[in-house]
Amino acid sequence: MNPLLRFFSGIRVFAVFIVLEIIAVILFIGNSYYQQSTILKSMHTTWSMVVRPVHSLTQYFSLGVVNRQLAEENNRLRNELEYLQSGLDSAAVTLVHDEEYRPLYSYIPAEIIDNSINKQQNYIMLNAGSEQGVTTEMGVITEQGVVGIVISVSKHYALVKSILNTEWKFNVRLKSSGDFGPMQWDGINYRQSILSDIPQHSNVVKGDTVVTSGYSRMFPQGIPVGVVDTAVIKRGNFYEVKVNLFIDLRKAQYVNIVNSIYRNELDSLKITER
Amino acid sequence: MNRLFFQLLALAVLLILFQMLIIDKLPLSTYISPEVYLMFILILPFKYSTIKSMLWAFALGLTIDLFSYGVLGLHIISLVAIAYLRPQLLKMVTGNNNIENIQLPSSQTLGFRPFLAYISLSVCCYLIILFCLDNYSFHNLPQLFQRIILSAMTTTLFIVVLQYAFIGRPNKKT
């Protein structure tokens, strides 16, 4: 090839390369939360058509484990019911079906149909959507603990930012000392997460249970998250606590979406505060 | 819109489905994420123009980005870069000799060792770009290296095995 011609074709290739990369970088940087969730919403339906048959096939392999978990949960709930019922009988009060006795949370059942654990930002897809009453920023839990938070909803599906997502923080509390701080995954081990900002003077014991604080109203108070593994002092006066998570997201299948009944009321309160 | 185009399209769809439905569902550790779809860019015909292969890379990256719920642009940047670097990588491995006779880069045409070198080199380049962008920063270097090395090894293994499965017989696709 003529050297001059080769030079120009090289320039042309380079120009196309630069143009394509600039488009990609603009997409990468300008990736706002809104843009992401609107694009994701339109992808939900398409992708779920592919994922659903595969999921319905693979779900049979974990049925044994799921059945055992459900039986255990059933058993625990039955015991709890018995206990509360006996307390109610002995107290001999007549229940007032009043507005004061409204529960704070209700739960929407859902099933995980797509999930990953080997990325830095992991997401989960659930088979419940706006038709079932799911909205964004609802927490997702299982019997084993916190799973994540809903970030986008379509008619029949919801996308959840997993607890294994390095960009998501939520508030938790140490059960024995009551100290609280934000928990965020460090992207290393899918069975461990990091709790930070625990003051140095507090007594962090290995094996102490970590539960949700309930301040954000995404999760009810006291949902178990994990147990303390190690605690080291970092950044001056604060402990950085490694927490062994209760939940094994590789195996999780059935979840509950938390609907905070008074959320709107609480949110409106926050707005008037300003 | 010739026969090659549709063959490549079918190959791309197959690789994406293979990645999403099988590889991503394997119970692997957080450190290992094989990115097998990269194979598509690597085994494009040798004389395929770089501009065309970059356009393929863009489309493939966009698809992967959309389906992996993650940040848009992440896989596009990495794949387009590899498509741009591909001729240089191939030249580096084959040492510039009898390049004109080669149609498809495979272990039959290049020889097993150069092919392995070509695949592993490209995979390493790709994963370095991808994981550095994914991490946003270099704050956790040992962990980053571990992820890159382990993922590169598994990705290379998958691609070499798949290459035998796809184009085991020479000159099946041209």
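These figures come from a predicted structure and were not determined experimentally.

**Q** What am I meant to see in the overall build of chain B here?
**A** Helix and strand counts for chain B come out as 7 helices and 0 strands. Tracing chain B from N to C terminus, the helices and strands come up as α-α-α-α-α-α-α. Per-residue burial over chain B gives 39% buried out of 174 residues. Look at the contacts in chain B between residues 6 or more apart in sequence, and 67% of them connect residues 24 or more apart.

**Q** Even after reading the chapter, I still don't get helix α1 (residues 3-29) of chain A, so can you show me in this structure?
**A** Residues three or four positions apart in an α-helix share a direction because the helix packs 3.6 residues into each turn. With 27 residues, α1(A) should cover 39 Å at 1.5 Å per step; its first-to-last C-alpha distance of 38 Å lies within 8% of that length. Among all positions in α1(A), only Leu20(A), Ala24(A) and Leu27(A) are buried. Summarising the contacts, the buried residues of α1(A) are in contact with α3 (50-67) and α4 (74-94) of chain B.

**Q** What exactly am I supposed to notice about unusual backbone geometry here?
**A** Trans is the common state for peptide bonds, and a negative phi is the common state for residues other than glycine. Residue and element names in this part refer to chain A. If you check the backbone angles, Glu137 has positive phi at about 65° while not being a glycine. Its location among the elements puts Glu137 in the loop between β2 (121-126) and β3 (139-142). Residue classification places Glu137 among the partly exposed positions, given that 13 C-beta atoms sit within 10 Å. One non-glycine residue with positive phi stands out, namely Asp197, at about 65°. Counting through the fold element by element, Asp197 comes out in strand β8 (residues 192-199).

**Q** Please explain the environment of Ala128(A) as it appears in this structure.
**A** Residue and element names in this part refer to chain A. Within the element layout of this structure, Ala128 appears in the loop between β2 and β3. Ala128 gets classed as buried once you count the C-beta atoms within 10 Å, which come to 21. With 81 residues separating them in the primary sequence, Ala128 and Trp47 have C-alpha atoms 15 Å apart. In this view, Ala128 contacts Ile108, Ala110, Val134, Ala158 and Ile257; residues no more than four positions away in its chain are not counted.

**Q** Hey, could you run me through the interface of chain A and chain B in this one?
**A** Reports often express the size of an interface as the amount of accessible area lost when the parts come together. Tallying the contact residues gives 28 residues for chain A and 26 residues for chain B. Of all elements in the fold, only α1, α2 (33-58) and β2 of chain A reach the threshold of two or more residues within the side of chain A that touches chain B. When residues of the side of chain A that touches chain B are assigned to their parent elements, the largest contribution, 9 residues, is made by α1(A). Considered class by class, the residues forming the side of chain A that touches chain B number 18 nonpolar, 7 polar and 3 charged.

**Q** Help me understand the domain arrangement of chain A, please; the structure alone is not making it clear to me.
**A** Structurally, chain A comprises domain 1 (3-56) and domain 2 (63-92 + 100-261). Here the C-alpha centre of domain 2 of chain A lies 34 Å away from the C-alpha centre of domain 1 of chain A.

**Q** Help me out: how do you make sense of the sheet that holds β2(A) in this one?
**A** Hydrogen bonds along the backbone pair up the strands of a sheet, which may run parallel or antiparallel. The strand order β1-β2-β5-β4-β3-β12 (chain A) describes a closed barrel built from 6 strands, whose pairing is antiparallel. For this sheet the average axis-to-axis angle between neighbouring strands, irrespective of direction, equals 45°.

**Q** What am I meant to see in the pairing of strand β6 (residues 169-174) of chain A here?
**A** Regular strands place their side chains on alternate faces of the sheet. Residue and element names in this part refer to chain A. Direction of pairing for β6 relative to strand β7 (residues 180-184): antiparallel, over a ladder of 5 bridges. Following the sheet pairing, Lys169 is matched in β7 by Gln184. Joining the antiparallel neighbours β6 and β7 is a turn of 5 residues, in which Gly178 adopts a positive phi near 80°. Pairing analysis gives 3 bridges linking β6 to strand β9 (residues 209-212), with the strands arranged antiparallel.

Criteria and thresholds
Residues numbered from 1 in each chain as written. Chains lettered and ligands numbered in written order. Predicted model: local features only at pLDDT ≥ 70, side-chain atom pairs only at ≥ 80, totals over all residues. Helix = DSSP H or I, 4+ residues; strand = E, 2+ residues; numbered from the N terminus. Buried ≥ 20, exposed ≤ 12 C-beta atoms within 10 Å, placed from the backbone. Contact = placed C-beta atoms within 7 Å. Expected span 1.5 Å × (residues − 1). Nonpolar A, V, L, I, M, F, W, Y, C, P; charged D, E, K, R; others polar. Domains from an automatic or database assignment. Pairing = 2+ DSSP bridges. Axes fitted to C-alpha atoms, helices over the stretch in contact; angles between N-to-C directions.

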